[in-house]
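# A look at the structure
The lines below spell out each chain.
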Amino acid sequence: MGIAQSTFEELKSQMDEVHITFVADRERAIKSFPGAEIIPKGILGLGALIKSAFKSDLVVCGGGGLFQDDDSLIKMTYWGLRVALIKALGANVVGYCLGVGPLMHGLSRFFGRLAFACMAIVSVRDPLAYQVAKGLTRRTVSIVPDPALALKPAAAEEAEKLLQSHEVPRDGSPLIGVAVRRWFHKRGSFIPHKVAFRFGLRRNNDKSKFNKMTDLLASVLDHLTLSNGAHILFLPTYNVAHEGDDHVCEEICRKMHSNRKSLIRISEPRLYKAVTGKLSVMIGARMHPTIFAAGMGTPVVGLSYNPKFNGFFQLIGCSAKVLPIETFVEKEMTGELLDLIENALQFPEDAMPSAVPRLIERYHHFNAAIASMHKGLKPLAAE
């Protein structure tokens, strides 16, 4: 939702009297996109999408990891055909800060080529996505950061009030944010993880790896509370049945010996981002908590489950501050993770993602360029 909110406010600010249609969850979107028309996701909204795209001047296709086959082989087929359909209706399509890759299978790359061939403008969100996209199109590919980097946070006072209501210490001791996930999904399967989970097609074969991961992270976090007097703030984001980030955080919490820990579920992206601005460092095994923190100038340390982490950390000039989570677990790299976190605590100015202001400016410039190309817009549909 953070991507969509940032995109909405940016397009509204760049284009006067523009009408925007969003493909989104209606219940959440009504509050987030005042004045916009909302089309349901998936098959249920296909008719309304076709109608909207047919009368639109511009269709924006953007979001997180849309163009990848790490979760499902059908995903790139779906997006390739969806973009081709919209193009066939005569709409101008913009690839908007796309997450691209991995695309490990030939079928995925074929539909990636189809999608890019239907786009008037192609932009991707990091250098690794750029390398994948460049291999699939002859069009110019621009690197434009994830819109969540530029999302306007809630007021600092609102974040402070939330922390105090959860009795998070505000005594000057280090506050370390943690956003982790269960990453052991089956990669490259045909059925999307969400669908497979719903119908009981995912076997729980990852117990040993999961237990080891939570053991190691609990050990690292306990050490930080003892050696640095830190308070650990768990900030899970993907709190749905098939992902269950909050349950992962609860398990690490349970295994910690220290009482210097809190867990807060925050569903509103602006407030979440504001809270990350109160942290001393963010440990992120989810992309957007890490992006929010970097956007607030907070030092970040990554535990990557996908190459897109490396692309984002490279973009913000923090390539050395990310560890592959699978390697972390297999080789028990608690010392390496502690070094990254403690260096960020001791030398925060060196650890801050200094490239962020320049990247946000690039994002605004890209949107201004789109606006200048399409003056006098009628309805605009955003994926």
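A brief structural summary.

Each helix and strand counted, the chain has 17 helices and 13 strands in total. A buried classification covers 56% of the 383 residues belonging to the chain. For the chain, the computed accessible surface area is about 17100 Å², with 54% contributed by carbon and sulfur atoms.

Turning next to the pairing of strand β7 (residues 175-179). Taking burial as the measure, the five residues of β7 include five buried ones, the bulk of the element. Burial along β7 is two-sided: L175, G177 and A179 facing one way and I176 and V178 facing the other are all buried. Bridge count between β7 and strand β8 (residues 231-234): four bridges; the pairing is parallel. The partner of I176 across the bridge, within β8, is I232. Of the pairings in the sheet, the one linking β7 to strand β10 (residues 281-284) comprises four bridges and is parallel in character. Within β10, the position partnered with A179 by the bridge is G284.

A word on the state of the cysteines. Going through the model one piece at a time under the given rule, you end up with zero disulfides. Free cysteine C253: the closest other cysteine sulfur is in C249, separated by 7.5 Å. Classification of C253 by relative accessible area gives buried; the value is 13%.

Another aspect to go through is the side chain of S258. Mapped onto the elements, S258 comes out in the loop between α10 (245-255) and β9 (261-263). Judged by relative accessible area, S258 falls into the buried class, the value being 13%. Among the polar contacts made by the side chain of S258, one reaches the side chain of T225 at a distance of 3.4 Å. Of note is the side chain of S258, whose polar atom sits 3.0 Å from the backbone nitrogen of R260. In this view, S258 contacts D222 and T225; residues no more than four positions away in its chain are not counted.

For the rest of this paragraph, the subject is the sheet that holds strand β12 (residues 322-324). Taken in spatial order, the six strands of this open sheet run β9-β8-β7-β10-β11-β12, and their pairing is parallel. A single partner strand is all that each edge strand has here, and the edge strands are β9 and β12. On average, each strand axis in the sheet is tilted by 15° relative to the strand beside it, whichever way the strands run. Of the strand pairs in this sheet, β8 and β9 are connected by three bridges, and their pairing is parallel. Bridge assignment links I232 to a residue of β9, and that residue is K261. Packing of α10 onto the sheet brings it into contact with β7, β8 and β9, and relative to β9 it is tilted by some 160°.

Let us look at the environment of L271. Looking at the element boundaries, L271 is found in helix α11 (residues 269-276). What makes L271 buried here is its relative accessible area of 13%. Along the sequence, L271 and A156 sit 115 residues apart, while their C-alpha atoms lie 8.7 Å from each other. If sequence neighbours within four positions are ignored, L271 has contacts with A154, E158, A159, L162 and I266.

With 22 residues, helix α9 (residues 207-228) should cover 32 Å at 1.5 Å per step; its first-to-last C-alpha distance of 31 Å lies within 8% of that length. Listing the buried residues of α9 in full gives F210, M213, T214, L216, L217, A218, V220, L221, D222, L224 and T225. Immediately beyond the C-terminal end of α9, within one or two residues, lies G229, with a positive phi of roughly 65°.

About the thresholds
Residues numbered from 1 in each chain as written. Predicted model: local features only at pLDDT ≥ 70, side-chain atom pairs only at ≥ 80, totals over all residues. Heavy atoms only, no water. Helix = DSSP H or I, 4+ residues; strand = E, 2+ residues; numbered from the N terminus. Buried < 20%, exposed > 50% of the residue type's maximum accessible area, 1.4 Å probe, protein only. Areas by Shrake-Rupley, 256 points an atom, 1.4 Å probe, with all protein chains shown as cover. Pairing = 2+ DSSP bridges. Disulfide = S-S within 2.5 Å. Polar contact = N/O pair within 3.5 Å; in protein donor to acceptor, adjacent residues only side chain to side chain. Contact = heavy atoms within 4.5 Å. Axes fitted to C-alpha atoms, helices over the stretch in contact; angles between N-to-C directions. Expected span 1.5 Å × (residues − 1).

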